[in-house]
Each structure stands twice: as structure tokens, then as C-alpha cells.
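If you want the building blocks of each chain, they are given just below.
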Amino acid sequence: MRKKIVAGNWKMNLSLTEGLELGAAIAGFVKNNPLDNLNGQPDVIMFTPSVYLVPVTEKVAGTPKLSTGAQNCHTELKGAYTGETSVKMIQSAGVINVLVGHSERRSYFGETNEVLAKKVEIALANGVTPMYCCGEVLDERNAGNHFDVVKEQIETGLFWLSEEEFAKTIIAYEPVWAIGTGVTASPEQAQEMHAYIRKLISEKYNPTVAENYTILYGGSCNAKNAAELFANKDVDGGLIGGASLQAEDFCKIIQSF
Ligand code: PEP
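Residues numbered from 1 in each chain as written. Predicted model: local features only at pLDDT ≥ 70, side-chain atom pairs only at ≥ 80, totals over all residues. Heavy atoms only, no water.

**Some words on the overall build of the protein**
Part 1 of the reasoning: Scanning the protein from terminus to terminus reveals 12 helices and 8 strands.
Part 2 of the reasoning: Compactness check: the protein gives a C-alpha radius of gyration of 17 Å against a globular reference of 18 Å for 257 residues, within 12% of the reference.
Part 3 of the reasoning: Residue burial in the protein is summarised as follows: out of 257 residues, 52% are buried.
Part 4 of the reasoning: Long-range pairs, those at least 24 residues apart, make up 70% of the contacts in the protein between residues at least 6 apart in sequence.
Part 5 of the reasoning: Of note, the protein has its 22 positive side-chain charges centred 4 Å away from the centre of its 30 negative side-chain charges. (Helix = DSSP H or I, 4+ residues; strand = E, 2+ residues; numbered from the N terminus. Rg over C-alpha atoms; globule rule 2.2 N^0.38 Å. Buried < 20%, exposed > 50% of the residue type's maximum accessible area, 1.4 Å probe, protein only. Contact = heavy atoms within 4.5 Å. Lys, Arg positive; Asp, Glu negative; His and termini not counted. Charge placed at Lys NZ, Arg CZ, Asp CG, Glu CD.)

**Examining the packing of aromatic side chains**
We describe a pair of aromatic rings using the distance from one ring centre to the other and the angle between the two ring planes.
Part 1 of the reasoning: All chains considered together, the criterion is met by 6 aromatic pairs.
Part 2 of the reasoning: Ring geometry for F159 versus F166: centroids 5.7 Å apart, planes at 65°, classification edge-to-face. The same class applies to F159 and to F166, which are both buried.
Part 3 of the reasoning: Taking 5.6 Å as the distance between ring centres and 85° as the angle between the ring planes, the aromatic pair formed by F159 and Y205 counts as edge-to-face. In this pair, F159 is assigned in the loop between helix 7 (146-157) and helix 8 (163-166) and Y205 in the loop between helix 9 (187-204) and helix 10 (207-212), connecting sequence segments 46 residues apart.
Part 4 of the reasoning: Look at F159 and you get buried, because its relative accessible area is 9%.
Part 5 of the reasoning: Every member of this aromatic cluster is reached through a ring pair, and the members are F159, F166, Y205 and Y213. (Phe/Tyr/Trp six-rings, centres within 6.5 Å; stacked < 30°, edge-to-face > 60°.)

**Observations concerning the sheet that holds strand 3 (residues 66-70)**
Part 1 of the reasoning: Reading around the barrel, the 8 strands line up as 1-2-3-4-5-6-7-8 and close back on themselves, with parallel pairing between neighbours. When the angles between neighbouring strand axes are averaged without regard to direction, this sheet yields 25°.
Part 2 of the reasoning: Sheet topology places strand 2 (residues 43-48) next to strand 3; 5 bridges connect them, and they run parallel. Residue pairing across strands places V44 opposite L66, the latter belonging to strand 3.
Part 3 of the reasoning: Of the strands in this sheet, strand 2 and strand 3 touch helix 1 (residues 16-32), which is tilted by about 175° from strand 2. (Pairing = 2+ DSSP bridges. Axes fitted to C-alpha atoms, helices over the stretch in contact; angles between N-to-C directions.)

**Regarding the side chain of S244**
Part 1 of the reasoning: On the secondary structure map, S244 appears in the loop between strand 8 (237-240) and helix 12 (247-254).
Part 2 of the reasoning: A polar contact is formed between the side chain of S244 and the backbone oxygen of G241, at a distance of 2.7 Å.
Part 3 of the reasoning: With residues up to four places along the chain from it excluded, the contact list for S244 reads G8, N9, W10, L22 and F250. (Polar contact = N/O pair within 3.5 Å; in protein donor to acceptor, adjacent residues only side chain to side chain.)

**Describing the site of the ligand**
Part 1 of the reasoning: By nearness alone, 14 residues border the ligand, and K11, H102, E174, G180 and S220 come closest of all.
Part 2 of the reasoning: Note that an oxygen atom of the ligand is positioned 3.5 Å from one of the side-chain N or O atoms of N9.
Part 3 of the reasoning: The backbone of G242 places a nitrogen or oxygen atom 2.9 Å from an oxygen atom of the ligand.
Part 4 of the reasoning: Protein contact buries 95% of the 300 Å² of open area that the ligand shows by itself.
Part 5 of the reasoning: The residue makeup of the shell around the ligand, split by class, is 4 nonpolar, 8 polar and 2 charged. (Near = heavy atom within 4 Å. Areas by Shrake-Rupley, 256 points an atom, 1.4 Å probe, with all protein chains shown as cover. Nonpolar A, V, L, I, M, F, W, Y, C, P; charged D, E, K, R; others polar.)

**Digging into the side chain of H102**
Part 1 of the reasoning: Within the element layout of this structure, H102 appears in the loop between strand 4 (97-100) and helix 4 (103-109).
Part 2 of the reasoning: Here H102 falls in the buried class, since its relative accessible area comes to 4%.
Part 3 of the reasoning: Among the polar contacts made by the side chain of H102, one reaches the side chain of E174 at a distance of 3.5 Å.
Part 4 of the reasoning: Excluding its chain neighbours within four sequence positions, the residues that come into contact with H102 are N9, K11, C133, E174 and I179.

**Points about unusual backbone geometry**
Part 1 of the reasoning: The backbone of K11 shows a phi angle near 50°, a positive value even though the residue is not glycine.
Part 2 of the reasoning: Positionally, K11 belongs in the loop between strand 1 (5-9) and helix 1.
Part 3 of the reasoning: Even without being glycine, L14 reaches a positive phi, approximately 80°.
Part 4 of the reasoning: Relative accessible area serves as the criterion here: at 25%, L14 is assigned to the partly exposed category.

**Considerations on the environment of E18**
Part 1 of the reasoning: Its location among the elements puts E18 in helix 1.
Part 2 of the reasoning: Sequence separation between E18 and L245 is 227 residues, and the spatial gap between their C-alpha atoms is 9.3 Å.
Part 3 of the reasoning: In terms of polar contacts, E18 uses its side chain to reach the backbone amide nitrogen of S15, at 2.8 Å.

**Considering the pattern of salt bridges**
Part 1 of the reasoning: By the definition in use, this model includes 16 salt bridges.
Part 2 of the reasoning: Note that R105 and E111 form a salt bridge whose closest N and O atoms lie 3.0 Å from each other.
Part 3 of the reasoning: A residue is classified by how much of its surface remains accessible, and R105, at 18% relative accessible area, is buried.
Part 4 of the reasoning: Relative accessible area serves as the criterion here: at 8%, E111 is assigned to the buried category. (Salt bridge = Lys/Arg side-chain N within 4 Å of Asp/Glu carboxyl O.)

Printed below as a string of C-alpha cells:
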């Protein structure tokens, strides 16, 4: 069965004390409230600021189905790149996930699909799972180009991988116009794009890979709208920004399947 995931992207928010409290609250919830509905409990990932990765990872260690992730990594493993974090460092800190290509990295830091393909490669080569973000800006959707934009992002970023390597990745579809805006994609819009992405995967690899592949939705997903988004057959969970900063809201989202 396809893995369900709810992931929180803390971005550049919270003090260390607040981050540790949030991590502990989420770990407590995940331990004490196992869901026994049809789909089972989703995996939960917390993408913390890099400086909090070690203490938060230590704090939640041993919690089943809960892991941490970095919000970015460099394309190289080491060297004279002041201020950067390599995937080797991330992995050596016991962290098993990394976000690649969040729209804020693409727009503020000029990360191209080609650069992101290198990050995917180096993450996989070092045993870290890349969660690859894709999604169109509003003008692209209004012009009817959203399918082509997402196709290009996925083809360049991921479709050069072998079937075995590709199956280790996760896609988060995040329409940029929905990120941090309070405007969510409708369940129909989310399902339409997720089904399209799954079709691309099926055509590139095969129907089995596509069927087993996890595709998350992100963009103003919150405790109120998560259930109707996750109810769509091709939406396997969410990448949550703002609503991942409050334990109560985030835990409601975890229960939204
Ligand atoms: C995000 O940053 O990945 C995100 C989805 O943010 P928000 O939930 O705040 O829209």
C-alpha cells in the first residue's frame, strides 16, 4: 500500500526552546494516539531549521513513524561553501529526509531544475530521502501552463533516475499561489494535478511504481481543509507550512485521513 505522509516545514521560524517543545508535543501525540483507521497512521516528518536538526532529532528519537528532515542541502558533500550544509552532515546527524526545490528556494535562491537534480542525486547517494517540491506560479496557472511547468520540473529533477532510485523519492505538489497565502487549491484542482503526476510516473516507469508512489499536497493546508484534500485518491498527505507550527493544528492534520 502507498505510504501516507504528513510533513511539517517549519521554515525559518521558532526558537530552539519552541522547536523542542513542538517536537516533543508531536512525538507524544504520535506515540499515544495510534490511528487504526483503514489507511493506518501516516508517517510524520518535521523539516526543522538546520541548527535545530540535532537537538530535535535526539528529542524525538525512537518515536515510531516520526522522523526529521532538513529544508535544503548543498550539491557538494564538503568544501569551501561558507554557510551551507551538506547532505553528508545531515545524514551523519541521524536525519533521514531533505526537502529539495521548495518554491522559496527556487524563487529566492535561484535554484533551477538542473541544480535540484544534483541535490536529489547526492541525497539518494547518501541514504537521505529527497522530498522534491514542484508547482506552478499563478500566472502559469492562469495561462493554462501549469501541467507543462510541473512536467518539466519533474522530468528534469527526477525522471533521469532509475526505477529503483525514483521509488525512494517523494513528490510534494505545491502550487506557489497557495503557499502561505491562505488560498488553498480546491480538492478538485489538487486531485487533477496529482492524477496527472501519477500518469507521468506510470508512463515514464510503469503502473506499479506509479501506484505505490507517494505524492503530497502543499499550500495553505490546515486543520480545517486537510480532510477534504486528503480524501482524494491521488493525494497521499500533505506538506504543511504555517499550520505545522502549532502542535494542536498539526496533530489534527495528522488525523485527517
Ligand atoms: C510550504 O511552505 O511548504 C507550505 C505549504 O506553506 P503553507 O502551508 O504555509 O502554505
